[in-house]
Amino acid sequence: MAGGAREVLTLQLGHFAGFVGAHWWNQQDAALGRTNDAKELPGELCPDVLYRTGQTLHGQDTYTPRLILMDLKGSLSSLKQEGGLYRDKLDAAIAWQGKLTTHKEELCPKNPYLQDLLSAEGVLNSDDIWRVKSIPNGKGALPFTTCKMLTSPTPTEGSIRVWSDFLRVPLHPRSICMIHKYNHDGETGRLEAFGQGESILKEPGYLEELEDRLHFYVEECDYLQGFQILCDLHDGFSGVGAKTTELLQDEYSGRGIIAWGLLPAPYSLGEPQKNIYRLLNTAFGLVHLAAHSSLVCPLSLGGSLGLRPEPPVTFPHLHYDATMPFHCSAVLATALDTLTVPYRLRSSPVSMVHLADMLSFSGKKMVTAGATIPFPSSQSLPDTLMQLGGATPWTPLSACGNPSGTRCFAQSVVLRGIEGARHTSQLTPGTALPSPLHACATGEEVLAQYLQQQQPSAVSSSHLLLTPCKVVPPYPYLFSSSLSQQVESIPVFGALCSSSSLHQTLGGLAKELSRLDLRRWASFMAAGVEQDDLEEVLQELYSLAQCYQDSEGLMD
């Protein structure tokens, strides 16, 4: 990889993970073109961490995500499993001279929004093959496949059914791994329980396919720093994630494994079986991910991990529909794009392993996430932070309740998108300083001192970037009327925290599990989970919860 990038392999497991991933890769794709304009900022983030170079059969260079994604039959819509970028057509007659039988499956209708968007850019031809555009990456060396910035309207609610309806990034043929045993749509044949997901990767066919794809991507890396996993927690993909992290830990010992456990919001009390399964899958998934990963972080716009639904979180300058996965996943992808900055930096990156070690000491392998989307940028940074006072500056994104009043043991904080002139005080010389923040000489000092004031005993790591987060179409327009109608990028303030709030959250999750009468949910157990497994999960939840005690009494 160019510049000795410390590569990361991304795995997306599940349909909501596909939604978050589609927005994530669209944002990465939009950011790739930043350095082509002389007026743009130099690249602070290294795209080679996430992307790989390759060639089509016609010898043209490509730049595609280093990605393996798993989803169910029916989730691809009009997207081909092998992608369309490489057009690897093999002539069957060369390998087989016998009689052939052709089975034709009805094609899914193409999403009209994405079709119009890509055709307008010239990246699709009449045969729906991705065209490869060669443009420099800022150094004039590496051409890659990319798309222009657009000002097209966002997709309508009715046009988005699955994540592939708005993914605008071409994928490598080895990226998509379909689980044909279960259906995405329909009332039957769904992947509902943890045990079902675990059993998928116990079957030789699926396990060998995953191992083959892992070897393909890993063996071409010069320095693989680790794996980031986007995994659905609410359904059977929690079991897929559990077996995947176990495989990665066994096969690639010493590499970082950061797992993002995803939960869509909200949910209804009127679906008892679905809610019980959600609780069980989440508990089993978190415990197993924590056992085999370097770091685990739940991500959700919901207010609770338990059975009692809480209102979704709110943002001062965002208006989103919590019932739409297209909206919820966009917000979470934006947070993720900021939270992962430390191990994607071009200069002085923090490796995944070191980031996890800093946050997960003393058995605290689970963290919470929070973000301010967008971060206000009309004033100087000292003025903005001073006006926040002692309040928690970010909205919680881990369904662990309000973090106000909780203790932070360690935190990794990223603020991006504030122009350099606003990093420090803009007061005229001789003016009385409103706060110690106004005396700081650099933006980095301002941010570090603010974090010290907020959590004096916490171990803190902070990064301040000029580069904002891209939110161009097909990102939905979620911003309040106080912002410009032509928003293409926004400042974001994000944090990963090892927080005492997890003491109550994990303990509460265990208590809810212990009250369940599993005789009523025999179908969950029949999927491959035994009573001893449940008892082990309960014990692990209580043990994890105790790691986050803050001078309180021991748990019941």
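Everything numeric in this text was worked out from a predicted model, so none of it was measured.

## Focus on the overall build of the chain
When its secondary structure is counted, the chain shows 14 helices and 15 strands. Relative to its full complement of 556 residues, the chain shows a buried share of 55%. Taking contacts inside the chain between residues at least 6 apart in sequence as the whole, the part at least 24 apart equals 81%. Element-wise, carbon and sulfur atoms account for 50% of the exposed surface of the chain, whose accessible area totals about 23600 Å².

## Quick notes on the sheet that holds strand E1 (residues 7-13)
Within the open sheet, the six strands sit side by side as E5-E4-E1-E6-E7-E8. Their pairing is parallel. Every interior strand has two partners, whereas the edge strands, strand E5 (176-183) and strand E8 (295-300), have only one. Averaged over all pairs of adjacent strands, the angle between strand axes in this sheet comes to 15 degrees, irrespective of strand direction. With respect to the sheet, helix H6 (residues 237-251) is in contact with E1, strand E4 (67-73), E5, strand E6 (224-232) and strand E7 (256-263), its orientation differing from that of E6 by roughly 165 degrees.

## A word on the confidence of the model for the chain
Averaged over all residues, the pLDDT of the chain equals 84, while 82% of them reach at least 70. A low-confidence stretch, residues 120-154 stays under pLDDT 50, and its non-local contacts, those more than four residues away or across chains, total 94 contacts. In this model, residues 552-556 is a region of pLDDT below 50 whose contacts with residues beyond four sequence positions or in other chains number seven contacts.

## Section: the packing of helix H5 (residues 204-219) against H6
At a closest axis distance of 12 Å, the pairing of H5 and H6 adopts a crossing angle of 50 degrees. Comparing the axis directions of H5 and H6 gives the class oblique. Classified by chirality, the crossing of H6 by H5 is right-handed. Here Leu207, Leu210, Glu211, Leu214 and His215 of H5 come into contact with H6, specifically with Thr244, Leu247, Leu248 and Glu251. Counted by class, the contact of H5 with H6 contains five nonpolar, two polar and two charged residues.

## Side note on the sheet that holds strand E15 (residues 492-499)
Strand pairs in the sheet, formed through backbone hydrogen bonds, run parallel or antiparallel to each other. The sheet built from five strands is open, its strands ordered E10-E9-E15-E11-E12 with mixed pairing. Two strands lie at the open edges of the sheet, namely strand E10 (395-396) and strand E12 (459-465), each paired on one side alone. Here strand E9 (residues 368-372) pairs with E10 via two bridges, running antiparallel. Bridge pairing in E10 places Ala371 opposite Thr395. In the packing of helix H8 (residues 325-339) onto the sheet, contacts are made with E9, strand E11 (408-416) and E15, and the angle to E15 comes to roughly 75 degrees.

## Some remarks on the packing of helix H7 (residues 272-292) against helix H12 (residues 501-514)
Packing of H7 against H12 leaves a shortest axis separation of 11 Å and a crossing angle of 130 degrees. In terms of their interaxial angle, H7 and H12 are classed as oblique. The chirality of how H7 crosses H12 is left-handed. Between H7 and H12, the residues in contact are Leu279, Leu280, Ala283 and Leu286 and Leu509, Glu512 and Leu513, respectively.

## What to know about the nonpolar core
Core analysis: the largest hydrophobic core is formed by 69 residues, its most contacted members being Trp260, Leu299, Leu301, Phe315, Ile373 and Leu397. Looking at this core element by element, the count peaks at nine residues for H8. If you look at the next biggest cluster of nonpolar residues, it comprises 40 residues, including Phe194, Leu289, Ala399 and Cys400.

## Points about the state of the cysteines
Under the defined criterion, the tally for this structure stands at zero disulfides. We note that Cys408 lacks a disulfide partner, and the nearest cysteine sulfur, in Cys497, lies 4.1 Å from it. Note on Cys408: relative accessible area 4%, which makes it buried.

## What about the side chain of Gln27?
With respect to the helices and strands, the residue Gln27 is situated in helix H1 (residues 15-32). Not counting chain neighbours up to four residues away, the residues in contact with Gln27 comprise Ala333, Thr334, Asp337, Cys469, Lys470, Val471 and Tyr475.

## Regarding the pairing of E1
With seven of seven residues buried, E1 is to be regarded as a mostly interior element. Burial along E1 is two-sided: Glu7, Leu9, Leu11 and Leu13 facing one way and Val8, Thr10 and Gln12 facing the other are all buried. When E1 meets E6, the two strands line up parallel, connected through seven bridges. Pairing of Leu11 across the sheet is with Ile229, part of E6. Two elements, E1 and E4, share four bridges in a ladder whose sense is parallel. Bridge pairing in E4 links Thr10 to Leu67.

## What to know about a negative patch on the surface
Taken together, Glu530, Asp532, Glu535, Glu536 and Glu540 make up a surface patch of like negative charges. Tracing the backbone through its elements, the reader meets Glu535 in helix H14 (residues 531-547).

## Quick notes on the packing of aromatic side chains
If you walk through the whole model with that rule in mind, you get 15 aromatic pairs. Judged by centre distance (6.0 Å) and plane angle (85 degrees), the ring pair of Trp24 and Trp25 falls under edge-to-face. With relative accessibility at 1%, the residue Trp25 sits in the buried group. Ring geometry for Phe315 against Tyr320: centres 6.3 Å apart, planes inclined by 70 degrees, an arrangement best described as edge-to-face.

The rules we used
- Throughout, a residue's number is its position along its own chain's written sequence, starting from 1.
- pLDDT decides what is reported in this predicted model: residues at 70 or higher carry local features, side-chain atom pairs at 80 or more are listed and counted, and totals for whole chains, interfaces and linings draw on all residues regardless.
- Note: side-chain values were computed over all heavy atoms of the structure, leaving out hydrogens and water.
- Each helix corresponds to a stretch of at least 4 residues labelled H or I by DSSP, and each strand to a stretch of at least 2 residues labelled E; elements are numbered beginning at the N terminus.
- Residue burial is assigned from relative accessible area. The probe radius is 1.4 Å, only protein chains are included, and a residue is buried under 20% of its type maximum, exposed over 50%, and partly exposed in between.
- By the convention used here, residues are in contact when the closest approach between their heavy atoms is within 4.5 Å.
- To be clear on the numbers: accessible area is Shrake-Rupley with a 1.4 Å probe, and residue cover counts the displayed protein chains and nothing else.
- Two strands make a pair as long as DSSP finds a minimum of two bridges between them.
- Helix axes use the C-alpha atoms of the stretch in contact, all axes being lines fitted to C-alpha atoms, and the angles between their N-to-C directions lie in the range 0 to 180 degrees.
- As a per-residue measure, pLDDT reflects the predictor's confidence and takes values from 0 up to 100.
- In these notes the angle categories are as follows: under 35 degrees is roughly parallel, over 145 is roughly antiparallel, 65 to 115 is roughly perpendicular, and the rest is oblique.
- A clockwise turn of the near helix away from the far one marks a right-handed crossing, whereas an anticlockwise turn of less than a right angle marks a left-handed crossing.
- In this classification, Asp, Glu, Lys and Arg are treated as charged, Ala, Val, Leu, Ile, Met, Phe, Trp, Tyr, Cys and Pro as nonpolar, and every other residue, Gly included, as polar.
- Here, the term nonpolar core denotes a set of buried Ala, Val, Leu, Ile, Met, Phe, Trp, Tyr and Cys residues that are joined through side-chain atoms within 4.5 Å.
- Any two cysteine sulfur atoms lying within 2.5 Å of each other are counted as a disulfide.
- The patches described consist of residues with a relative accessible area above 30% and no salt bridge, like charges being joined within 9 Å and nonpolar side chains (Val, Leu, Ile, Met, Phe, Trp, Tyr) within 5 Å.
- For salt bridges, the criterion is a side-chain nitrogen of Lys or Arg within 4 Å of an Asp or Glu carboxyl oxygen.
- For the charge count, each Lys or Arg is scored as positive and each Asp or Glu as negative, with His and the chain ends excluded.
- The location of each charge is read from NZ of Lys, CZ of Arg, CG of Asp or CD of Glu.
- Stacked, tilted and edge-to-face are the three classes assigned to paired rings of Phe, Tyr and Trp, where Trp is represented by its six-membered ring and a pair needs centres within 6.5 Å; plane angles under 30 degrees give stacked, over 60 edge-to-face, the rest tilted.

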